[in-house]
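Each chain is listed here by its residues.
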Amino acid sequence: MHEEIFDVVIIGGGPAGLAAAVSASDNGAARVLVIERDRELGGILQQCIHNGFGLHRFKEELTGPGYALRYIKMVEARSNITVMLDTMVLAVAADKTIVAVNSRDGMIKITAKAVIFTMGCRERTRGAIRIPGSRPAGVFTAGAAQRMVNMEGYLPGKKVVILGSGDIGLIMARRMSLEGTRVEAVLEIMAYSNGLTRNVVQCLEDYNIPLYLSHTILAVHGNGRVTGVTCAKVDAAMRPIAGTEFYLECDCLLLSVGLIPENELSRELGIEMDGRTSGPVVDQLRQTGLPGFFAAGNVVHVHDLVDFVSEEGEIAGKYAAWHANGKMGDCGCLITVKAANGVRTAVPQVIRAVSGNTEPVRLYMRVEKPEKNVTLAILSDGQVLLERKLRVAKPGEMIVVDLPVENIKKIGDDITVVLKH
Amino acid sequence: MENSWKADVVIIGGGIVGAAIARELGKYKLDTVLLERYPDLAMGTTKANSAILHAGFDAPEGSLKALLNVRGNELYRQLKHELGLELDLTGSLVVATNNEEMDVLAELKVRGQKNGVEGLKIIGREEALTREPNLSAEVVGALYAPTGGIMWPFGAALAFAENAVQNGVEVRINCPVTKIEVIEGKVTGVYTPDGFIAAKYIINAAGIEADNVSRLAGDDSFTIKPRKGEYILFDKAVGNLVKTIVFPTPSKVSKGILVAPTVHGNVFIGPNATDSDDKGDLATTGRGLAEIVARAQKLVPNIPLTSSITQFAGLRAAADCGDFVIRASNLTKGLVHAAGIQSPGLTAAPAIGEMVVGILGELGLELKPNTNFNPVNPPKLVFSQLDDEAKMTAIKENPLYGRIICRCETVTEGEIVAAIHSLCGARTVDGVKRRTRAGMGRCQGGFCGPRVTAILARELNIPITAVIKDTADSQLFFNKIPGSCEVTGDA
């Protein structure tokens, strides 16, 4: 078997992986490898040809491929970063040996000192949410359709209904409209959209596409190709309300019904997972429960802005390089971060009190449901460590708060993040 | 005029039954043609059923179902090796949750013994729970059948057809029979879009449409009533929720909703039973899915609902007489029925093949052995099942085996190309899926679907827009609308 040795091996060459590679290189890792299963670097950014990327990171508005290119150039500028494209990782062992495969080298055995998981996420499917009806052609996840339209140059349908108002669904509503395809409606089972507000405005309202909140699809119709869908309003418990059914004629149903972090490799290693994020439990250095294994980006928790994905990649890259160089030092004591009272997720789930570290801990949080005029509070032992007033809080928009290191010194075994009304 | 040619035997229907008959006829020096109306084999009942190798204790003694079930079960053990079938003798459990049900199990055991099923055993609560720890705490006992098993029905049908073709049988897809010619009470041939095929013997293995095919030849002696069954399939990550097939105690109409592993490492629940008049209705329903969930939970309470990956429905081709209809037509000479093949039809299929050939012999068809008959199918390369050494060799010989197309199931481009160009090769995206498992995993083709479409287009030399999912009118993608903005890709 073809054998290679690297200091830091990064699995996945999307935005998290690219930032991790650059950061690992800049923080002293001698040999860095990025393994990417697609034919090019950039991950899902390459099919996101719309703009809106990079406002935080580069202070300008880039397209997805444009954003990716910035990082690809940074990777190319660093001679100690190796990239393997069209390469699939088959197995990762706890001793940090990785088995991968591609057409050029065949089976490859890679030995690493530190591993970073940046596999991103995949789309939830029709089968996962059990939409009844027939099984014709024309039912696609929105991301698969996006790839077909933007990268391969084909249309998935000519008269479209979209289920789910996540960002990809909203973006695809606009994209299909621009291609001359009629978008009949976007249906959302929740009473609010899960996408960014700017996407609801720019992708639906600007194109007069109706958004049916608290609605779902009861059945898909058609034999060869989709001919229509039966829709209905749902009650507060998300059960269809009898008598509200209506039929929408269409030849295509796009699904934007959630993203699932792709953690098959992490699970096989038995790494501890967070049931709410579906990603591994990580500390603020993005190290998982298994020393030397790091994770960043959508594989940890699904982000809405790529800028934060890159940021996490940078953190993971830096400390993976430290780990590879034996610079991590003592673990220090661990503080558990809990999300409660209206806060659904908080990442990192663990804070490691590292001696000499002066960096604030950046917490990424999502709320359970839309709220107005609330206070986000970080508590420990009944003490308030930090408070932030929020005029609006939406599940679709991640809340980012920096917890200064002085505050961390004050605290006990755990901290809790809550919403106060 | 129209294209026309001659055959000794025409088989109508390329499901498991038609394919098994074709394979059996391949043992003789005959011109046999198998006609399938769809773009692929096994697209009817064969592709959507419980995929069970039944032990044979359900059907009443003396019925064709009982006889052919037990014989079929026996035949598959050898066929597994000859044809490389995916088949595991996991054993099956029929679970009782009260004493009345235990009485039914005792009856089933006696019936099974009369049918010739070996090794049947009533086990107590303890042993049932040891075998299947996830069973409901309410279990009081079970009937254990060591010869029950699981298999891959599409794979078996394909293997039968491939072996038949290898032994000289012709298989035609996209070839529906539009008319059967009958002169003076005898069949003389069939009309298809490809032309007229003259034949003195016609086998009706048309599944759900077998009554209509029979009527084309002037025989209205039976009716097929579709009975729909719905299923939910779960992610492999669920692991061995059950290791054997778990049936509830059966009712009069059906074997009930079961929880079973698949040969590919998934778990499924289903089927319910809904009588229908629509032979095209393969839609799942909210009510039906809720029904199978509720009933499966009675057997195995912790059904992992959040890990479902797909749902589907199949139609049982139930004949009005309740048993299989395997006989020469009483009304039209030369027509032989292999109809009404509902459960345990999958298990019975190879035995049905033997029986149909016997009937043809009785009708006067000369059965000269095909001395070149080769019972063995060449092995297929399944990349994910190879050891590292074999993987390296495969990639060295063909670099396409180094390119993973389906990430969930680790299927390579090499396997997909082989599936397209092998005997009875895939012509559709679902055809690739059923042969290679590309698209059968947890993302359900979200990632590999467009790539499989592109490979099919390239290998079949057709445009992307002509690639179909399963049936002729199931195109997946359209060209962009002229005048809209163009994006060029390097695919």
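Residues numbered from 1 in each chain as written. Chains lettered and ligands numbered in written order. Predicted model: local features only at pLDDT ≥ 70, side-chain atom pairs only at ≥ 80, totals over all residues. Heavy atoms only, no water.

**What to know about the interface of chain B and chain A**
Here is the rule: Whether two residues touch is decided by their heavy atoms; if any such pair falls within 4.5 Å, the residues are in contact. Summed over both partners, the accessible area lost on bringing two parts together, with a 1.4 Å probe, is the buried area. A pair is scored as a salt bridge if a Lys or Arg side-chain nitrogen falls within 4 Å of a carboxyl oxygen belonging to Asp or Glu. Pairing of N or O atoms within 3.5 Å defines a polar contact, subject to two protein rules: one partner must be a possible hydrogen donor and the other a possible acceptor, and residues neighboring in sequence count only if both atoms are side-chain atoms. Note on conventions: DSSP H or I runs of at least 4 residues are helices, E runs of at least 2 residues are strands, and numbering of each starts at the N terminus. Polarity classes work like this: nonpolar for Ala, Val, Leu, Ile, Met, Phe, Trp, Tyr, Cys and Pro, charged for Asp, Glu, Lys and Arg, and polar for all others, with Gly in that last group. Think of it this way: DSSP has to see at least two bridges between two strands before they count as a pair.
Each partner contributes to the interface: chain B provides 50 residues, whereas chain A provides 51 residues. Across the interface of chain B and chain A, roughly 4,300 Å² is buried in total on both sides, 58% from carbon and sulfur atoms. Three residues stand out in chain B for area buried against chain A, namely Arg-407, Phe-478 and Lys-480 of chain B, and they jointly supply 15% of the buried area on that side. The shortest N-O distance in the salt bridge between Asp-38 of chain A and Arg-451 of chain B comes to 3.2 Å. The tally of links between chain B and chain A comes to 15 residue pairs in polar contact (both at pLDDT 80 or more). No other element matches the five residues that strand β20 (residues 308-319) of chain B contributes to the side of chain B that touches chain A. Across the side of chain B that touches chain A, the residue classes break down as 22 nonpolar, 18 polar and 10 charged. With two bridges joining them, strand β11 (residues 154-155) of chain A and strand β25 (residues 478-479) of chain B adopt antiparallel strand pairing. Bridging from a neighbouring strand, Tyr-154 of chain A pairs with Asn-479 of chain B of β25 of chain B.

**Side note on the environment of Val-234 of chain A**
For Val-234 of chain A, the location among the structural elements is in the loop between β16 (228-233) and β17 (246-249). Beyond its immediate stretch of four places on either side in the chain, Val-234 of chain A contacts Ile-189, Ser-214, His-215, Thr-216, Arg-239, Pro-240 and Ile-241 of chain A.

**Focus on empty space enclosed by the protein**
Stated precisely, the cut-off is as follows: Cavities and pockets are defined on a 1 Å grid built over the protein atoms alone: a cavity is a set of grid points where a 1.4 Å probe fits but cannot escape, while a pocket is an open set with protein on both sides within 12 Å along at least five of seven lines, and lining residues are those with an atom within 4 Å of any such point. Grid points are joined across faces, edges and corners, and a volume is the space filled by probe spheres set on the points.
This structure, assessed with the given rule, holds four cavities of 30 Å³ or more. Each pocket or cavity is described by its volume, and for the largest cavity that value is around 610 Å³. Mapped onto the lining of the largest cavity, the elements with two or more residues apiece are α3 (126-129) and β10 (139-141) of chain A together with β20, α11 (429-436) and α12 (448-460) of chain B. It is α12 of chain B that contributes the most residues to the lining of the largest cavity, five residues altogether. For the lining of the largest cavity, the residue count by class is 16 nonpolar, 12 polar and five charged.

**Focus on the domain arrangement of chain A**
All names here are of chain A. Counted only if it meets this: All the domain ranges listed were derived from an automatic or database domain assignment.
Domain annotation for chain A reports domain 1 (1-122 + 259-329), domain 2 (125-257) and domain 3 (330-421). On a C-alpha basis, the centres of domain 1 and domain 2 stand 31 Å from each other. Taken together, the two surfaces of domain 1 and domain 2 that pack against each other cover about 1,100 Å², and 48% of this comes from carbon and sulfur. If you look at where domain 1 meets domain 2, you find two salt bridges. With a closest N to O distance of 3.6 Å, Glu-152 and Arg-39 form a salt bridge. Counting across the interface, domain 1 meets domain 2 through five residue pairs in polar contact (both at pLDDT 80 or more). The class makeup of the residues in the side of domain 1 that touches domain 2 is five nonpolar, four polar and four charged.

**A short note on the packing of helix α10 (residues 413-421) of chain B against α12 of chain B**
Residues and elements named next belong to chain B. Put simply, the rule reads: For helices, the fitted axis covers only the stretch in contact; all axes are lines through C-alpha atoms, and the angles between them, taken along N-to-C directions, range from 0 to 180 degrees. Should an angle fall under 35 degrees it is called roughly parallel, over 145 degrees roughly antiparallel, and 65 to 115 degrees roughly perpendicular, with every other angle called oblique. Should the near helix be turned anticlockwise from the far one by less than a right angle, the crossing is termed left-handed; should it be turned clockwise, right-handed.
At their nearest, the axes of α10 and α12 sit 10 Å apart, and the two run at 45 degrees to each other. Considering the angle they form, α10 stands oblique to α12. Two packed elements cross with a definite hand, and for α10 against α12 that hand is right-handed. Contact residues: Glu-413, Ile-416, Val-417, Ile-420 and His-421 in α10; Val-452, Ile-455, Leu-456, Arg-458, Glu-459 and Leu-460 in α12.

**Observations regarding the sheet that holds β17 of chain A**
Pairing between the strands of a sheet is mediated by backbone hydrogen bonds and can be parallel or antiparallel. Residues and elements named next belong to chain A. The strand order β15-β16-β17 describes an open sheet built from three strands, whose pairing is antiparallel. In this open sheet, the two strands that pair with only one neighbour each are β15 (215-221) and β17. On average, each strand axis in the sheet is tilted by 30 degrees relative to the strand beside it, whichever way the strands run. Alignment of β16 against β17, held across four bridges, turns out to be antiparallel. Note that in β17 the partner of Cys-231 across the bridge is Phe-246.

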